[in-house]
Amino acid sequence: MTSALALGLALAGAGFADTVEVKMLNRGTDGAMVFEPAAVRIAPGDTVRFIATDKSHNAETIEGMLPEGAAEFVGDLNKDIEVTFDAPGFYGIRCKPHFAMGMVMVVAVGDEAAPPATFLEGRLPKKAKERLEAALAGL
């Protein structure tokens, strides 16, 4: 009986992780070439499912815009991808073909209120930087 209870608790604990869906769209509420929603806050261990709702999109990390020690990822064009985020912090995500058009989003993992001061440093297309700033303000 004790081992059955332990197994039940272990399986129940695995059910606490959530999956959040993010659509990759040609047009959304914020305009053309967007992730919807543009920002999500999740707990460590949660998963984001990036859905290729419209064609010609992918989801991938933006170089230098993820917590130290976190793994980068690159999704295939026109394919859904599920990513489990374990490291707390802020992740910049882009659609590579539409990065210059501002197709970006933020995944915030954990309770940190703001990203590091260096999060928006580096070479970012103007539209992408504007959308990232808006996404961060919406968290």
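Preceding this section is the structure that the text describes.
Residues numbered from 1 in each chain as written. Predicted model: local features only at pLDDT ≥ 70, side-chain atom pairs only at ≥ 80, totals over all residues. Heavy atoms only, no water.

K.L.:
Looking at this structure, how should I read the nonpolar core?
P.N.:
One recurring pattern in soluble globular proteins is that nonpolar side chains are buried together. The biggest cluster of nonpolar side chains holds 24 residues, and the ones touching the most others in it are Phe35, Phe50, Phe85, Tyr91, Ile93 and Val107. Those elements that provide at least two residues to this core are β1 (19-28), β2 (31-36), β3 (39-42), β4 (46-51), β6 (81-85), β7 (89-94) and β8 (104-109). Sequence-distant contacts of Tyr91, that is, excluding residues within four places in its chain, are made with Met65, Leu66, Pro67, Ala70, Phe85, Met105, Val106, Val107, Val109 and Phe119. Ranked by size, the runner-up nonpolar core spans 14 residues in total, among them Leu120, Ala128, Leu132 and Leu136. (Core = buried A, V, L, I, M, F, W, Y, C linked by side-chain atoms within 4.5 Å. Buried < 20%, exposed > 50% of the residue type's maximum accessible area, 1.4 Å probe, protein only. Helix = DSSP H or I, 4+ residues; strand = E, 2+ residues; numbered from the N terminus. Contact = heavy atoms within 4.5 Å.)

K.L.:
It is not clear to me how unusual backbone geometry should be interpreted in this structure. Could you clarify?
P.N.:
Negative phi is the rule for most residues except glycine; trans is the rule for most peptide bonds. Along the chain, Glu36 connects to Pro37 via a cis peptide bond; the corresponding omega equals 5°. Relative to the helices and strands, Pro37 resides in the loop between β2 and β3. In this structure, Met33 takes a positive phi of about 55° despite not being glycine. With respect to the helices and strands, Met33 occurs in strand β2. Take Met33: its relative accessible area is 15%, and that puts it in the buried class.

K.L.:
How should I be thinking about helix α2 (residues 126-137) in this particular structure?
P.N.:
Each α-helix winds once per 3.6 residues, and so residues spaced three or four apart point in a common direction. The first and last C-alpha atoms of α2 sit 17 Å apart over 12 residues, in line with the 16 Å expected at 1.5 Å per residue. Along α2, the residues classified as buried are Ala128, Arg131, Leu132, Ala135 and Leu136. In an axial view of α2, the angular spread of the buried residues amounts to 135°, which keeps them on one side of the axis. Away from its buried face by more than 90 degrees, α2 exposes Lys126, Ala134 and Ala137. (Expected span 1.5 Å × (residues − 1). Arc of directions from axis to C-beta.)

K.L.:
Just checking my understanding: could you explain the sheet that holds β4 for this structure?
P.N.:
Whether parallel or antiparallel, the strands of a sheet pair through hydrogen bonds between backbone atoms. Spatial strand order, β2-β1-β4-β6: four strands in an open sheet with mixed pairing. The open sheet has two edge strands, β2 and β6, and neither has a second partner. Across the sheet, the mean angle separating the axes of adjacent strands is 20° when strand polarity is ignored. The sheet contact formed by β4 and β6 spans five bridges and is antiparallel. Bridge pairing links Val48 to Val83 in β6. (Pairing = 2+ DSSP bridges. Axes fitted to C-alpha atoms, helices over the stretch in contact; angles between N-to-C directions.)

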